[in-house]
Amino acid sequence: MAVIGTAGMRLPIWAQKVAAAGVASQLLLGVDYYPDQTPEGLWEEDSRMMAEAGFTNVRIAEFAWALMEPSEGKFDFGWLRRAVQTLHKHNLSVILGTPSAAPPPWLSLKYPEIMEVNAEGQRLHAGGRRFTCPTNKVYRRLSLAIASEMAKAFAETRGVIGWQIDNEFTLSSSPRCYCSFCQTGFQEWLRSKYGSLDKLNQTWGTVFWSQTYTDFAQIPVPLPSGGDPNPGLALDYDRYQSYANTSFLEEQLVMLRQKCPRHFVTTNNVGPPVDYIDLRELYKNLDFASFDNYPGFFEMLLHQQMKGGSVPAGTIRTATGLQHDFARCVKGGKPFMIMEQQSGKAGQRTFSPQPEKGQVRLWTYQAIAHGAMGVNYFRWDTATFGAEEYWHGILNHDRSKSPAYDEIKQTVKELKALGLELLYSRYPAEVALVFDYDCGWALQIQSGHHGLSYVPQVTAWYGAITASHTGIDVVPPGADLTP
Amino acid sequence: MAVIGTAGMRLPIWAQKVAAAGVASQLLLGVDYYPDQTPEGLWEEDSRMMAEAGFTNVRIAEFAWALMEPSEGKFDFGWLRRAVQTLHKHNLSVILGTPSAAPPPWLSLKYPEIMEVNAEGQRLHAGGRRFTCPTNKVYRRLSLAIASEMAKAFAETRGVIGWQIDNEFTLSSSPRCYCSFCQTGFQEWLRSKYGSLDKLNQTWGTVFWSQTYTDFAQIPVPLPSGGDPNPGLALDYDRYQSYANTSFLEEQLVMLRQKCPRHFVTTNNVGPPVDYIDLRELYKNLDFASFDNYPGFFEMLLHQQMKGGSVPAGTIRTATGLQHDFARCVKGGKPFMIMEQQSGKAGQRTFSPQPEKGQVRLWTYQAIAHGAMGVNYFRWDTATFGAEEYWHGILNHDRSKSPAYDEIKQTVKELKALGLELLYSRYPAEVALVFDYDCGWALQIQSGHHGLSYVPQVTAWYGAITASHTGIDVVPPGADLTP
Amino acid sequence: MAVIGTAGMRLPIWAQKVAAAGVASQLLLGVDYYPDQTPEGLWEEDSRMMAEAGFTNVRIAEFAWALMEPSEGKFDFGWLRRAVQTLHKHNLSVILGTPSAAPPPWLSLKYPEIMEVNAEGQRLHAGGRRFTCPTNKVYRRLSLAIASEMAKAFAETRGVIGWQIDNEFTLSSSPRCYCSFCQTGFQEWLRSKYGSLDKLNQTWGTVFWSQTYTDFAQIPVPLPSGGDPNPGLALDYDRYQSYANTSFLEEQLVMLRQKCPRHFVTTNNVGPPVDYIDLRELYKNLDFASFDNYPGFFEMLLHQQMKGGSVPAGTIRTATGLQHDFARCVKGGKPFMIMEQQSGKAGQRTFSPQPEKGQVRLWTYQAIAHGAMGVNYFRWDTATFGAEEYWHGILNHDRSKSPAYDEIKQTVKELKALGLELLYSRYPAEVALVFDYDCGWALQIQSGHHGLSYVPQVTAWYGAITASHTGIDVVPPGADLTP
């Protein structure tokens with residue numbers, strides 16, 4: 001992949017914001033850090049070591065709701081403020097995550113109606129993450145409340161440069177909710193989309209199998225029903241779920257724009273290896289796109305989508321490149337950020353192996369070469385508890401330096417030497433690959449062949465093109481192909 | 001297979017009825033047509049083309065409940081009457097389907113208690129088909145009501161020759177219901193079968209694992225229970241479910257006999273590739289048996305029953321012949337009808353490929369040679385919407401003629417030339433193959449080997465016999481083998 | 001395996017109890033018998049034949065709750081007393097099973113809250129066995145009541161020598177319960193274990209994914225939740241479930257100690273092929289351990305644990321030896337009993353084949369050589385009904401002698417000739433193999449590799465060691481390895 005510097009352009013908005021915040025380098029090279037999970041006595045030393053490694057920023061707090069709001073309406077940002085101060089003292093800028101991906105126990109217990117219902121019609125339980133309904137108004141109200149309190153508390157705090165809303169909307173063992181709130185939300189969304197039942201009935205062809213609706217309230221969600229659902233309804237439901245997640249994010253975004261105009265706002269996701277949410281819509285009003293890059297994890301995600309079929313040969317190798325090209329194109333070629341970059345072996349029920357020597361540096365350059373303007377490594381230290389205790393970070397479980405530490409330090413140094421030039425680079429694509437969410441969802445509804453799954457197919461096509469070192473833009477259907 | 005004409009016999013009842021209705025040919029050669037899914041402006045042209053192709057009849061309306069009863073108790077048969085008239089104008093006789101396989105949305109919403117509960121204990125939802133309980137009295141009442149209104153409306157309508165009750169009782173992703181209504185119905189059925197609890201306890205051996213019942217109300221349905229159910233209970237439950245579906249059909253049959261004495265009555269099913277309902281009982285009081293013949297679909301059905309094991313070699317090839325021989329024998333050798341004959345590529349999650357040139361003609365002759373006296377091709381046009389939008393018909397999605405059109409037209413012409421002779425043909429079987437529902441159900445309960453499934457086994461045996469071109473009758477256990 | 005006699009030791013307590021009960025031989029060589037399932041007219045002849053075969057004891061009644069308490073609070077032990085008398089007349093001692101593994105229908109119907117909830121959150125139904133919650137106080141009360149009545153009725157009955165509490169705690173298709181009673185029980189158990197929420201939160205690292213608990217009542221059970229549970233919580237839940245089953249057993253044990261001081265008390269289980277319950281705890285206060293030995297069944301159990309992966313080669317062959325060595329060590333080297341020994345082909349959905357000639361004798365010597373002091377063969381006659389109608393016994397379905405009859409008779413004779421010497425034998429182990437329940441449970445929570453499962457691994461290691469004919473003790477972590 002060629003990266004060509006083109007000087008003399010005006011700094012993009014987000015970079016202006018970063019610059020205004022006083023960060024030395026516009027390249028965001030940092031780590032994902034968990035002061036909430038770390039004894040306060042270690043923060044100073046951690047910060048010093050991060051600075052020593054050349055890092056410019058950290059992302060923190062995206063799973064710390066329970067500490068920030070230990071009981072309903074009682075907020076405690078003291079610890080977080082001290083963490084920001086300690087980090088900033090070492091010239092580390094801070095990206096704050098809003099914590100709506102995992103509510104605290106008191107909340108789940110008090111408001112059981114917020115729990116997601118999965119595709120088999122079973123209500124999820126507390127104890128994991130992303131177990132909440134994206135439509136539910138109570139959960140939206142409480143999510144917006146904690147995010148608003150954070151925004152108020154940190155709008156003027158030195159060191160804070162931006163926000164990540166929520167965390168990984170696309171990753172869940174039950175990516176779509178089928179609860180009664182979503183059913184009502186779907187009915188309202190349909191009313192708005194089709195205007196009349198006549199139009200809806202005609203578009204979906206509800207006359208088939210006697211499904212003509214005479215009231216929006218009759219419209220079901222596609223739960224098990226003795227036979228396949230109407231494909232029009234099912235596809236619209238996937239679109240609604242994507243919309244519901246996007247509008248959930250937008251509520252926090254509107255608030256952050258109002259309260260923190262000087263901060264950039266983004267969110268982080270795993271991209272094309274999964275396709276449950278239309279990321280073009282999700283990222284639409286954000287300053288830039290952020291992606292989480294776990295090459296060793298993508299294999300498992302692709303295998304899951306094959307439902308027992310085997311992933312076409314070579315697919316895994318190219319999945320990472322596809323996500324990067326998608327990431328660059330999702331906001332029309334704007335530089336993107338890697339908010340979480342795999343730094344070690346990782347996994348839960350299945351482990352991705354320890355990266356080879358040089359592989360983390362390779363992954364970093366691969367991202368930069370595809371248009372990234374920042375990379376945060378996941379994660380600073382390795383958790384000694386919790387569901388991700390085997391996701392290895394830059395520090396080992398005993399806080400000794402992992403094999404990746406020196407490699408990352410060197411890579412950061414090299415990238416800083418390349419500097420701002422990178423921000424104005426251009427990626428000359430000769431091929432446009434259409435990535436169409438509707439198409440992927442339609443194939444999930446009726447694939448026609450049990451071994452046919454959209455994302456693995458697109459990844460295989462992508463791999464076939466890149467084999468000849470041809471630059472690729474990943475575009476939506478109907479994109480202007482003139483460039 | 002040899003078909004031998006034997007002249008001079010009296011016309012069978014159904015054929016007398018067809019003749020009395022003024023149909024030129026006693027062979028029923030037609031299509032499955034969906035005026036409900038077709039703009040009224042196209043009916044005339046469709047009818048003209050059907051007549052031109054030589055068709056004698058159509059089957060219509062089996063999924064049109066929502067149009068015939070748009071709200072509870074308000075009936076609208078105007079459109080259906082116009083459709084019948086248009087068809088009849090072109091000398092096409094009409095078989096009407098009663099619509100109980102898929103209730104309209106207002107009904108599912110108002111009477112949620114009618115929904116089936118599947119084998120895992122989860123209630124099904126609206127949106128597909130066959131999601132209703134066969135025992136539930138409310139659903140039976142409403143099903144009988146719409147069928148009765150149809151019967152009243154069309155008993156004397158010229159062109160109407162017969163009825164298909166419901167549609168494909170044997171095809172559902174959850175073929176048996178385990179709801180509380182079925183539990184009560186099962187308990188009543190057991191009371192009637194065994195007379196006393198003592199007899200039931202002794203027959204089932206309920207003393208095993210402490211299951212002695214002291215009240216019929218204690219008897220459970222075989223839902224997940226930490227260990228296998230009592231095999232006697234489980235087998236009786238399968239019999240009950242078969243009975244419940246049969247008695248559901250019988251309610252409509254009794255009514256049709258009373259209201260439409262001049263019309264024949266049948267129902268259509270997929271046979272031996274599935275065995276959830278004892279078709280000998282289901283067809284017992286009907287005029288003749290009808291079967292739906294999708295050779296390309298049978299492979300999938302057999303694979304499902306193998307639960308991951310592989311279907312014995314050659315099984316797929318012979319599954320179609322087995323269904324035909326079963327169909328002829330299910331009512332003691334009476335000619336049967338193919339109510340739906342695959343005409344093109346078909347499928348939803350898995351597709352059966354486009355038939356080879358000549359294959360639809362071959363399938364037709366195969367059916368006739370095994371004793372069919374009629375074939376309706378599925379379907380006239382290809383739906384542009386709904387769960388079966390990839391089940392290709394005689395017309396393509398754009399209403400152009402599919403590859404099968406000319407082939408079917410030729411086949412119809414050839415069959416008409418053979419004419420009534422076929423009705424009196426005899427099929428000389430030298431081998432009787434026992435097909436025993438109880439045996440198949442018992443093997444589903446405790447197979448003894450994870451790769452052992454009844455229907456694939458029987459199909460393999462059938463294939464081994466037919467390899468020597470020996471005629472086969474498929475008989476129940478205890479059948480008189482003298483012939 | 002070497003068995004070395006060491007004379008001059010005092011009889012162990014259980015053997016003293018057996019001797020005091022007047023049994024001629026201290027080796028318990030018998031059968032599992034079901035007078036409840038056998039016409040009373042056959043008891044006499046059965047007893048005579050058992051005595052003729054050389055048997056010294058039978059185990060009876062462990063699934064006869066419905067006959068002993070036909071309605072709540074009405075007890076009937078007349079039939080059981082007559083059965084004991086008939087058996088004792090032929091010098092057969094009796095081990096009585098308490099019946100809590102399968103409640104009668106009236107009980108399940110009246111107290112639906114006792115039903116287990118499985119790992120997907122679905123409530124089990126009556127009709128199988130082990131479908132009850134181990135925490136539920138109502139079920140505990142009713143289980144203790146029937147056991148107490150039995151104890152009262154048979155404490156002084158000649159011929160009764162001991163008790164088996166319940167039956168096979170470790171065997172269920174849903175081995176752990178996740179109901180609200182278990183949730184409350186878990187919370188109380190945690191309160192007792194950790195003392196304070198601070199300690200619990202710190203130990204589990206609940207700060208991860210915002211799971212800090214501020215009230216014990218907030219703590220969930222690990223049901224589906226969009227992401228993996230906290231591993232600390234999940235592991236503690238497995239421990240709690242093991243504890244709940246153990247304390248369920250202890251309630252009956254305390255009662256039996258009080259009411260039947262002259263009787264020994266044990267329970268029977270399948271060991272290492274499954275590891276859901278810590279058998280070291282379960283057997284802790286029992287007189288000796290009993291195990292059920294179905295070599296042909298262990299393959300299926302190991303395969304289930306591999307979740308589709310294949311069991312390492314040679315594992316099946318050694319699974320039986322591992323269970324025996326585990327059985328000897330579970331109570332510190334005390335002789336153990338085989339309460340159920342496979343005697344013929346067996347199975348339900350999958351069958352284990354008919355043992356080869358000599359194989360039942362081989363299995364018996366294998367058990368004795370590993371330290372067994374008794375073997376009961378399963379079962380006397382083969383049931384002609386019920387979920388285990390294909391588990392073949394010493395008599396066939398028609399009560400003729402099975403191939404195993406003469407073989408077992410010969411084996412019993414040989415063992416009696418060896419006599420009491422065996423009780424003082426010592427098993428010289430040179431290797432200690434650590435079997436750690438916590439480790440197995442932790443690997444079920446996050447295996448790191450989809451093909452990694454604890455018990456099959458340990459079994460493979462065991463097999464590798466025994467290949468060199470080295471004696472093995474199976475010990476808990478932290479065991480004193482001096483011997």
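Residues numbered from 1 in each chain as written. Chains lettered and ligands numbered in written order. Predicted model: local features only at pLDDT ≥ 70, side-chain atom pairs only at ≥ 80, totals over all residues.

Caption draft 1: The arrangement of the overall build of chain A in detail. Looking only at helices and strands, chain A features 16 helices and 13 strands. Here the C-alpha atoms of chain A give a radius of gyration of 22 Å, agreeing with the 23 Å that 2.2 N^0.38 yields for 483 residues. In terms of overall dimensions, chain A has C-alpha extents of about 70 × 60 × 45 Å along its principal axes. In chain A, which comprises 483 residues, the proportion classed as buried is 56%. (Helix = DSSP H or I, 4+ residues; strand = E, 2+ residues; numbered from the N terminus. Rg over C-alpha atoms; globule rule 2.2 N^0.38 Å. Buried ≥ 20, exposed ≤ 12 C-beta atoms within 10 Å, placed from the backbone.)

Caption draft 2: Local environment of the packing of helix α13 (residues 359-369) of chain C against helix α14 (residues 404-418) of chain C. Residue and element names in this part refer to chain C. Packing of α13 against α14 leaves a shortest axis separation of 9 Å and a crossing angle of 30°. By the angle between their directions, the pair α13 and α14 is classed as roughly parallel. Pair α13 / α14 crosses with right-handed handedness. Residue-level inspection shows Val 360, Arg 361, Thr 364 and Ile 368 of α13 in contact with α14, the latter providing Ala 404, Glu 407, Ile 408, Thr 411 and Leu 415. (Axes fitted to C-alpha atoms, helices over the stretch in contact; angles between N-to-C directions. Parallel < 35°, antiparallel > 145°, perpendicular 65-115°, else oblique. Left-handed = near helix turned anticlockwise from the far one by under 90°. Contact = placed C-beta atoms within 7 Å.)

Caption draft 3: Spotlight on the interface of chain A and chain C. Facing the 41 residues of chain A at the interface are 31 residues of chain C. Taken together, the elements giving at least two residues each to the side of chain A that touches chain C come down to α3 (65-68) and α5 (105-110) of chain A. Its residues assigned to classes, the side of chain A that touches chain C comprises 21 nonpolar, 14 polar and six charged. (Nonpolar A, V, L, I, M, F, W, Y, C, P; charged D, E, K, R; others polar.)

Caption draft 4: Region of the structure containing unusual backbone geometry. Geometrically, the link from Phe 378 of chain B to Arg 379 of chain B is a cis peptide bond, its omega value of -10° lying close to zero. Secondary-structure assignment places Arg 379 of chain B in the loop between β11 (372-378) and α14 (404-418). Although it is not a glycine, Arg 130 of chain C adopts a positive phi angle of roughly 50°. Inspection of the secondary structure puts Arg 130 of chain C in the loop between α5 (105-110) and α6 (137-154).

Caption draft 5: Representation of the relation of the copies chain B and chain A. The two copies are related by a screw motion: chain B maps onto chain A through a turn of 120° and a shift of 0.0 Å along the axis, at an RMSD of 0.0 Å. Here the copies are linked by what is in effect a three-fold axis. For chain B, the minimum C-alpha distance to the rotation axis belongs to Gln 122 of chain B and amounts to 5.2 Å. (Least-squares fit on C-alpha atoms with pLDDT ≥ 70 in both.)

Caption draft 6: Spatial organisation of the nonpolar core. All names here are of chain B. One finds Val 94, Leu 96 and Cys 182 to be the most contacted residues of the largest nonpolar core, which totals 143 residues. With 11 residues, the single largest contributor to this core is helix α9 (residues 231-259). Those residues in contact with Leu 96, other than ones at most four positions away along the chain, are Ile 60, Ala 61, Met 150, Phe 154, Val 160 and Trp 163. (Core = buried A, V, L, I, M, F, W, Y, C linked by C-beta atoms within 7 Å.)

Caption draft 7: Structural context of the interface of chain B and chain A. Each partner contributes to the interface: chain B provides 41 residues, whereas chain A provides 31 residues. Taken together, the elements giving at least two residues each to the side of chain B that touches chain A come down to α3 (65-68) and α5 (105-110) of chain B.

Caption draft 8: How the structure looks around the sheet that holds strand β2 (residues 57-60) of chain A. All names here are of chain A. Judged by pairing direction, the sheet is parallel, and its nine strands sit side by side in the order β5-β4-β3-β2-β1-β11-β8-β7-β6 without closing on themselves. The sheet terminates laterally at β5 (264-266) and β6 (268-269), the two strands that pair on one side only. Sheet contacts for helix α12 (residues 315-329): β7 (290-293) and β8 (336-342); angle to β7, the most-contacted strand, approximately 175°. (Pairing = 2+ DSSP bridges.)

Caption draft 9: Examining the sheet that holds β11 of chain B more closely. Residues and elements named next belong to chain B. Spatially, β5-β4-β3-β2-β1-β11-β8-β7-β6 is the arrangement adopted by the nine strands of the open sheet, whose pairing is parallel. Each edge of the sheet is formed by a strand with only one pairing partner; in this case those strands are β5 (264-266) and β6 (268-269). Where strand β8 (residues 336-342) meets β11, five bridges bridge the pair, whose relative direction is parallel. Paired with Gln 342 across the strands is Phe 378, a residue of β11.

Caption draft 10: Just the pairing of strand β4 (residues 160-164) of chain A, in detail. Residue and element names in this part refer to chain A. For β4, the tally of buried residues reaches five of five residues, placing the bulk of the element in the interior. When strand β3 (residues 93-97) meets β4, the two strands line up parallel, connected through four bridges. Bridging from a neighbouring strand, Gly 97 pairs with Gln 164 of β4. When β4 meets β5, the two strands line up parallel, connected through three bridges. Within β5, the residue paired with Gln 164 across the bridge is Thr 266.

Caption draft 11: Local environment of helix α4 (residues 78-89) of chain C. Residue and element names in this part refer to chain C. Taking 1.5 Å as the rise per residue, α4 with 12 residues should run 16 Å; its terminal C-alpha atoms sit 16 Å apart, in good agreement. Taken together, the buried positions of α4 are Leu 80, Ala 83, Val 84 and Leu 87. Around the axis of α4, the buried residues are gathered within 100° of arc, so they sit on the same side. Asn 91 sits one or two positions beyond α4 and adopts a positive phi of about 65°. (Expected span 1.5 Å × (residues − 1). Arc of directions from axis to C-beta.)

Caption draft 12: View of the environment of Arg 257 of chain C. Looking at the secondary structure, you find Arg 257 of chain C in helix α9 (residues 231-259). Taking C-alpha positions, Arg 257 of chain C is 9.9 Å from Leu 286 of chain C, a pair spaced 29 residues apart along the chain.

Caption draft 13: How the structure looks around the confidence of the model for chain A. Residues and elements named next belong to chain A. Looking at chain A, the pLDDT average stands at 91 and 92% of residues meet or exceed 70. Within the model, the stretch residues 1-9 combines pLDDT values under 50 with 18 contacts to residues more than four positions away or in other chains. In the predicted assembly, ipTM is 0.94 and pTM is 0.94. (pLDDT = per-residue confidence, 0-100.)

Caption draft 14: Spatial organisation of the pairing of strand β1 (residues 28-32) of chain A. Residues and elements named next belong to chain A. Most of β1 is tucked away: five of the five residues are buried. Direction of pairing for β1 relative to strand β11 (residues 372-378): parallel, over a ladder of four bridges. Looking at β11, one finds that Leu 29 is bridged to Val 375. Pairing of β1 with β2, which is carried by three bridges, proceeds in the parallel orientation. The residue bridging Gly 30 from the neighbouring strand is Asn 57, located in β2. On the question of chirality, the crossover connecting β1 to the parallel β2 by way of helix α2 (residues 43-52) is right-handed. (Right-handed = clockwise from strand over helix to strand, strands pointing away.)

Caption draft 15: Up close: the packing of helix α11 (residues 295-305) of chain C against helix α12 (residues 315-329) of chain C. Residue and element names in this part refer to chain C. Where α11 meets α12, the closest approach of the two axes is 9 Å, and the angle between their N-to-C directions is 115°. By the criterion of interaxial angle, the relationship of α11 to α12 is roughly perpendicular. Of the two elements, α11 crosses α12, and the hand of that crossing is right-handed. Contacts between α11 and α12 involve Pro 295, Phe 298, Glu 299 and Leu 302 from the former and Thr 315, Ile 316, Ala 319 and Thr 320 from the latter. Taken together, the residues of the contact of α11 with α12 sort by class into five nonpolar, two polar and one charged.

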